[in-house]
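Each chain, written out:
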Amino acid sequence: MNEVIAKVEEQLIKENLTFKSKPILIGGMAMEYYGIRKSGADIDLVITGEDYEQLAGIYPDKRKDIYGDLGVTPGIFEIWRSIALLDYEFFLKEAIEEERVYVISIDR
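Just so you know, these numbers come straight off a predicted model, no measurement behind them.

1. Notes on the sheet that holds strand β9 (residues 102-103)
As a general point, the strands of a sheet are linked pairwise by backbone hydrogen bonds and lie either parallel or antiparallel.
No. 1: The seven strands lie next to each other as β3-β4-β5-β2-β1-β9-β8, forming an open sheet whose pairing is mixed. For this open sheet the edge positions go to β3 (63-66) and β8 (96-97), each flanked by a neighbour on one side alone.
No. 2: Here two bridges tie strand β1 (residues 24-26) to β9, and the two strands are oriented parallel to one another. Bridge pairing in β9 links Ile-24 to Tyr-102.
No. 3: Against the sheet, helix α3 (residues 49-58) touches β3, β4 (69-72) and β5 (77-80), its axis set at about 50° to β4.

Pasting the structure below:
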């Protein structure tokens, strides 16, 4: 298993995070997955609106709103409903499917 994916999956289990739809790995961890550069300390994900609503209910004190992009930050995760108002369906196109997550397409 890819080292990056193993780390993401380990952290998902540690934080007891579950989703109805597989989250999409973006940001530094996705860059490390593709061998572009090492990632930082956090793990960035994009999730569906439905999964966001569930997570926001569980972590009301961890919610963020950056110019309409809604997110939740449990543990080392930054989990977003959208980035620059682009949603899950946008980032899902051509994403690579792993066991518990998708990885954003290098073209996105």
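Picking up after the structure, the text goes on.
2. Some points on the pairing of strand β2 (residues 43-46)
No. 1: Alternating residues of β2 divide into Ile-43 and Leu-45 and Asp-44 and Val-46, and every residue in both groups is buried.
No. 2: Two strands pair when backbone bridges link them, and β1 and β2 are joined in this way by three bridges, in the antiparallel orientation. Residue Ile-26 lies in a different strand from β2, and its bridge partner there is Asp-44.

3. Quick notes on the packing of aromatic side chains
No. 1: Summed over the entire model, instances satisfying the criterion amount to two aromatic pairs.
No. 2: Plain terms: the ring middles of Tyr-33 and Tyr-34 are 5.2 Å apart, the flat faces sit at 90° to each other, and that makes the pair edge-to-face.
No. 3: Centroid distance Phe-90 to Phe-91: 5.1 Å. Interplanar angle 90°. Geometry classified as edge-to-face.
No. 4: Stacked on the ring of Tyr-102, the Lys or Arg Lys-22 has its end atom at 5.7 Å from the ring centre.
No. 5: Here the guanidinium or amino end of Arg-81 rests over the ring plane of Tyr-52, the centre of that ring lying 6.0 Å away.

Basis of the calculations
Residues numbered from 1 in each chain as written. Predicted model: local features only at pLDDT ≥ 70, side-chain atom pairs only at ≥ 80, totals over all residues. Heavy atoms only, no water. Pairing = 2+ DSSP bridges. Helix = DSSP H or I, 4+ residues; strand = E, 2+ residues; numbered from the N terminus. Contact = heavy atoms within 4.5 Å. Axes fitted to C-alpha atoms, helices over the stretch in contact; angles between N-to-C directions. Buried < 20%, exposed > 50% of the residue type's maximum accessible area, 1.4 Å probe, protein only. Phe/Tyr/Trp six-rings, centres within 6.5 Å; stacked < 30°, edge-to-face > 60°. Lys NZ or Arg CZ within 6 Å of the ring centre and 35° of its normal.

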